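Chain residues, written in single-letter form:
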Amino acid sequence: MGMMKRGILVILLVTVATVAYVSADSNEKAVVVKKVGGKKYCKKGWECPYASIYCCNQTISDVFQSYQFEDLFPKRNSPVAQAVGFWDYQSFITASIAFQPLGFGTTGGQSMQMKEIAAFLGHVGSKTSCGYGVATGGPLAWGLCYKREMSPSQSYCDESDKYKYKYPCSPGADYYGRGAIPIYWNYNYGATGEALKLDLLNHPEYVENNATIAFQTAMWKWMTPVKKHQPSAHDIFVGNWKPSKNDTLAKRGCNFGTTMNVLYGEMTCGQGNVDSMNNIISHYQEYLDIMGVGREQAGPHDELTCEEQEAFNPATTSTNINNKSRTASWKYTWLWDGLKTADLCLGLGELDLNREMR
């Protein structure tokens, strides 16, 4: 409510010089343009519906079309896939509507937009793949094969004092991995659900029953910092983040490698030249090629890798990473203490213009 009131207050009190017009592009998306304090803010039809500087750029469907989605994930509906008939392009675009006004896939020019889409989907493809070395079409053709963790080893219910009151486990609910970038643990379902205005704490099954929600949870993770004063994967990738001296010493920078660091921490990064890291990089490079951008645009090896990076948030409990004892790192990876970025869009009819002008 506080954010909503501030947004409304800005709209009511700020004197603006407004120039508005409505037109239509080839896809018949109505465009509304406003000038506020010398800056241009746009709405672009159904796909970028909140006033934003980013909606003045091309939308995701302008630069990434359904045939490209099909080319990236050609085996997702094969009979051996677990999620046959679940994932589709329309669900991806529908999920992105809340995030395009915040810059997801709409930051920079067409090259940066396509690179961010490839980067995000590279993570998605790697985390949902059932491909292997001699799989038909190659191991990188099997992204979006899964929509949930198969044979979970536990219910992922943390009833410690830190979470049992704010995010109590719902009777009978299991919080195993679900979604395009899988969610684990009750507190992460709770925090994600709060941001997306969905009761995921009591109904975690929503994520595996609805492809739009499954993409939305991943996009919210991509756009949202793990902790305050830390960058989101989006801000890292598009260059909105300025690394500190400590970040530089930890070999973290504005590149693809650091997106893996902020998303997965010690599970993937700082462990040397491990397969889990290389698999994500390979998906990103392959998708750049398929989308017509070219893997050479991904940058040099040291910008793609996180093999020598120090984790943003090292695990606080003793965990043998090399032996894949994952519980502590999963808790780190999916606990968001930072600003719920999506609230700015989902909680308002208009994007908070005051936020855009800071």
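Computed from a prediction, not measured in an experiment: that's the story for all the values here.

K.L.:
How would you sum up helix H12 (residues 275-290)? Please name residues and give values.
P.N.:
Here H12 spans 22 Å end to end across 16 residues, near enough to the 22 Å set by a 1.5 Å rise per residue. Among the residues of H12, those classed as buried are Met-277, Ile-280, Ile-281, His-283, Tyr-284, Gln-285, Tyr-287 and Leu-288. The first or second residue beyond H12 is Gly-292, which carries a positive phi of 85°.

K.L.:
Residues and numbers for the packing of aromatic side chains, please.
P.N.:
With the rule as written, the count across this model stands at 20 aromatic pairs. Between Phe-73 and Tyr-287 the ring centres are 5.5 Å apart and the planes differ by 75°, which places this aromatic pair in the edge-to-face class. Placement of the pair is Phe-73 in the loop between helix H3 (66-72) and helix H4 (89-96) and Tyr-287 in helix H12, with a sequence separation of 214 residues. For Tyr-287, a relative accessible area of 0% gives the class buried.

K.L.:
If you had to explain the confidence of the model for the protein to someone new, which residues and values would you point to?
P.N.:
Scored by pLDDT, the protein has a mean of 84; 80% of the residues are at 70 or more. In this model residues 1-27 is a low-confidence stretch, pLDDT under 50, and it forms 34 contacts with partners more than four residues away in sequence or in other chains. Contacts for the low-pLDDT stretch residues 317-358, under 50 throughout, to residues beyond four places or in other chains number 127 contacts.

K.L.:
Could you give an account of the nonpolar core, with specific residues and numbers?
P.N.:
Core analysis: the largest hydrophobic core is formed by 78 residues, its most contacted members being Phe-64, Phe-92, Phe-120 and Leu-121. The dominant element in this core, judged by the number of residues it contributes, is helix H8 (residues 211-223), at nine residues. Ignoring anything within four residues of it in the chain, the contact list for Leu-121 reads Phe-64, Leu-72, Phe-73, Phe-92 and Tyr-287. If you look at the next biggest cluster of nonpolar residues, it comprises six residues, including Ala-81, Cys-130, Ala-135 and Trp-142.

Definitions and limits used
- Residues numbered from 1 in each chain as written.
- Predicted model: local features only at pLDDT ≥ 70, side-chain atom pairs only at ≥ 80, totals over all residues.
- Heavy atoms only, no water.
- Helix = DSSP H or I, 4+ residues; strand = E, 2+ residues; numbered from the N terminus.
- Expected span 1.5 Å × (residues − 1).
- Buried < 20%, exposed > 50% of the residue type's maximum accessible area, 1.4 Å probe, protein only.
- Phe/Tyr/Trp six-rings, centres within 6.5 Å; stacked < 30°, edge-to-face > 60°.
- pLDDT = per-residue confidence, 0-100.
- Contact = heavy atoms within 4.5 Å.
- Core = buried A, V, L, I, M, F, W, Y, C linked by side-chain atoms within 4.5 Å.

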